[in-house]
Amino acid sequence: MPNPFNITFGESPKSVIEREKEAYIIESTFKDETPEAKLFIITGPRGSGKTALLTKMKDVFRGEGYLTVDLNPFDDMQEQFASKLYEEGKLWKLFLRPEFSFSFKGLTFSLKGKTEINNISTLIGRMLEYLKKKGRRVLITIDDASNSKDMKSFVFSYQQWIREGYPVFLLMSGLYENVSEIGRNKSLTFFLRAPKIMLEPLNLAAIAYSYKNILGLDEQAAAKYAKLTSGYAYGYQLLGSLLYKNQAPLKNLDEYDLKLNQNAYSLIWEKLTEKEKKILAAMCKTSKVSEICAELSLSNGNLQTYKKRLMDRGIVASKERGTMVFALPRFKEFIDFQLLLEE
């Protein structure tokens, strides 16, 4: 039997803990006759399952007859969208020439019985108008969104299409700090207000049952290993893969820690400010906000600002009033080791 767990980022694993609540929110909203939102942003730390949920929703809507278009955020997104609408929406009948191409900028296109079109935005508008008359809905998916020039230009155009009443929906995923940067543009404040789905930890009982059924562990062992993931999606896949390969309880957690470090935590750590690193280092000693403030000579209000930022990024959680705890599995051990390396 092939390894049912997958630790490759961007690939959909065979063994998945379904995020039924999040999927229901997106599906029920987009399928409503008069949807209150046509845009959702899936956020969470690296390895939290953003791509898996995005892929699942794309498959769901494709099965419901939606025209689904997946865009690469690191290329010209308007040209991609126009090209895929043209091909996947079977819209070539609209155009005079069957060899119609989007690959040359500055080329003038013509529609049957219509006036000339001399830019991509107008071209997309014509195609969306046609799909609207045919009763078709379009779902755009963008994975790993970032604050690039192409992304901001595309989001601005999307805002215009919504104002025109076109049946186009947008589902994107990205790190919280990246998608927040997009919305800080004065012309894109609607994006900042867009509903966000912050991926919460997976259910530990569901992880335990998964380990029990797939790996043949007893309940006590399955519960023990489930706790070691803290509900972190990548941790669930990684630990499951290690247990599968070893075919026995792990002798130690060295390989688990190493791969968490190499594939996720080192990248998260690099993006932190020096002040955030100091706060996280202080959390290795205590979870009490008052004691962290005292050690770093911070006011409570100042610390709360950093706390919210770290919670938004899925690094920190607050399970009890006046406390801060790590949301990621064995992140304390990672920081302890990282600080030793940096001494």
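In short, a report on the structure. Because the structure is a prediction, the values reported are computed rather than measured.

**Topic: the layout of surface pockets**
So, step 1. By volume, the largest pocket amounts to about 950 Å³.
So, step 2. Phe9, Gly47, Ser48, Gly49 and Lys50 are the residues nearest the centre of the largest pocket, which is lined by 45 residues in total.
So, step 3. Elements with a minimum of two residues in the lining of the largest pocket: helix H2 (50-63), strand E6 (168-174), helix H6 (176-183), helix H10 (233-246) and helix H11 (254-270).
So, step 4. With 7 residues, H2 is the single largest residue contributor to the lining of the largest pocket.
So, step 5. Looking at side-chain class alone, the lining of the largest pocket contains 17 nonpolar, 15 polar and 13 charged residues.
So, step 6. In this structure, the second largest pocket spans a volume of roughly 410 Å³.
So, step 7. Taken together, the residues of the lining of the second largest pocket sort by class into 14 nonpolar, 4 polar and 4 charged.

**Side note on the packing of aromatic side chains**
So, step 1. In this structure the tally under the stated criterion is 19 aromatic pairs.
So, step 2. Between phenylalanine 190 and phenylalanine 191, the ring centres sit 6.4 Å apart and the planes meet at 75°, which makes this aromatic pair edge-to-face.
So, step 3. A relative accessible area of 1% places phenylalanine 191 in the buried class.
So, step 4. Aromatic ring contacts, followed pair by pair, group Tyr232, Tyr234, Tyr265, Trp269, Phe326, Phe331 and Phe334 into a single cluster.
So, step 5. The ring of phenylalanine 61 carries lysine 31 above its face, with NZ or CZ at 5.8 Å from the centroid.

**Observations regarding the nonpolar core**
So, step 1. The biggest cluster of nonpolar side chains holds 50 residues, and the ones touching the most others in it are Tyr211, Tyr265, Ile279, Leu280 and Phe331.
So, step 2. Among the secondary structure elements, those contributing two or more residues to this core are helix H8 (204-215), helix H9 (219-229), H10, H11, helix H12 (274-283), helix H13 (289-296), helix H14 (300-312) and helix H15 (331-342).
So, step 3. Of all the elements, H10 adds the most residues to this core, at 8 residues.
So, step 4. Contact partners of tyrosine 211, with chain neighbours within four places excluded, come to Phe5, Gly216, Leu217, Ala222, Tyr225, Ala226, Thr229, Gly235, Tyr236, Leu239 and Gly240.

**Looking at helix H3 (residues 77-88)**
So, step 1. Between its first and last C-alpha, H3 extends 16 Å over 12 residues, near the 16 Å set by a 1.5 Å rise per residue.
So, step 2. The set of residues buried in H3 consists of Met77, Gln78, Glu79, Gln80, Phe81, Ala82, Leu85 and Tyr86.
So, step 3. For H3, the elements touching its buried residues are strand E2 (67-71), helix H4 (120-133), strand E5 (138-142), helix H5 (149-163) and E6.
So, step 4. Two or three places before glutamine 78, at the opening of H3, aspartate 76 has a side-chain oxygen 3.2 Å from that residue's backbone nitrogen.

**So, the sheet that holds E5**
So, step 1. The strand order across the open sheet formed by 5 strands is E2-E5-E6-E1-E7, and the pairing between neighbours is parallel. The strands lining the two open edges of the sheet, one partner per strand, are E2 and strand E7 (196-198). Strand-to-strand, the axes of this sheet are offset by a mean angle of 20°, without reference to chain direction.
So, step 2. Packed onto the sheet, H3 meets E2, E5 and E6 and runs at close to 150° relative to E2.

**Here we look at H12**
So, step 1. Within H12, 7 of the 10 residues are buried, which leaves it mostly tucked inside the rest of the structure.
So, step 2. Those residues of H12 not exposed but buried are Glu276, Lys277, Ile279, Leu280, Ala281, Ala282 and Met283.
So, step 3. Next to the buried residues of H12 lie H11, H13, H14, strand E8 (316-317), strand E9 (325-326) and H15.

**A look at unusual backbone geometry**
So, step 1. Even without being a glycine, aspartate 144 presents a positive backbone phi close to 60°.
So, step 2. Following the sequence through the fold, aspartate 144 ends up in the loop between E5 and H5.
So, step 3. Overall, the relative accessible area of 38% leaves aspartate 144 in the partly exposed class.
So, step 4. Positive phi, normally seen in glycine, also occurs at arginine 330, with a value near 55°.
So, step 5. Relative to the assigned elements, arginine 330 resides in the loop between E9 and H15.
So, step 6. Taking the relative accessible area as the measure of exposure, arginine 330 reaches 24% and is therefore partly exposed.

**What to know about the packing of helix H1 (residues 20-31) against H2**
So, step 1. Taken N-terminus to C-terminus, the directions of H1 and H2 make an angle of 40°; their axes are 11 Å apart at the nearest point. When the interaxial angle is binned, H1 and H2 end up oblique. The handedness of the crossing between H1 and H2 is right-handed. Every residue of H2 that contacts H1 at Glu22, Ala23, Ile26, Glu27, Phe30 and Lys31 is listed here: Leu53, Lys56, Met57, Val60 and Phe61.
So, step 2. Across the contact of H1 with H2, the residue classes tally to 7 nonpolar, no polar and 4 charged.

**Observations concerning a nonpolar patch on the surface**
So, step 1. A cluster of nonpolar side chains, contributed by Phe337, Leu340 and Leu341, occupies part of the molecular surface with about 330 Å² of accessible area.
So, step 2. Inspection of the secondary structure assignment puts leucine 341 in helix H15.

Reading the values: rules and limits
Residues numbered from 1 in each chain as written. Predicted model: local features only at pLDDT ≥ 70, side-chain atom pairs only at ≥ 80, totals over all residues. Heavy atoms only, no water. 1 Å grid on protein atoms, 1.4 Å probe; cavity = no way out; pocket = protein on both sides within 12 Å on 5 of 7 lines; lining within 4 Å. Points joined across faces, edges and corners; volume = space filled by probe spheres on them. Helix = DSSP H or I, 4+ residues; strand = E, 2+ residues; numbered from the N terminus. Nonpolar A, V, L, I, M, F, W, Y, C, P; charged D, E, K, R; others polar. Phe/Tyr/Trp six-rings, centres within 6.5 Å; stacked < 30°, edge-to-face > 60°. Buried < 20%, exposed > 50% of the residue type's maximum accessible area, 1.4 Å probe, protein only. Lys NZ or Arg CZ within 6 Å of the ring centre and 35° of its normal. Core = buried A, V, L, I, M, F, W, Y, C linked by side-chain atoms within 4.5 Å. Contact = heavy atoms within 4.5 Å. Expected span 1.5 Å × (residues − 1). Polar contact = N/O pair within 3.5 Å; in protein donor to acceptor, adjacent residues only side chain to side chain. Pairing = 2+ DSSP bridges. Axes fitted to C-alpha atoms, helices over the stretch in contact; angles between N-to-C directions. Parallel < 35°, antiparallel > 145°, perpendicular 65-115°, else oblique. Left-handed = near helix turned anticlockwise from the far one by under 90°. Patch = residues over 30% accessible without salt bridge, like charges linked within 9 Å, V, L, I, M, F, W, Y side chains within 5 Å. Areas by Shrake-Rupley, 256 points an atom, 1.4 Å probe, with all protein chains shown as cover. Salt bridge = Lys/Arg side-chain N within 4 Å of Asp/Glu carboxyl O.

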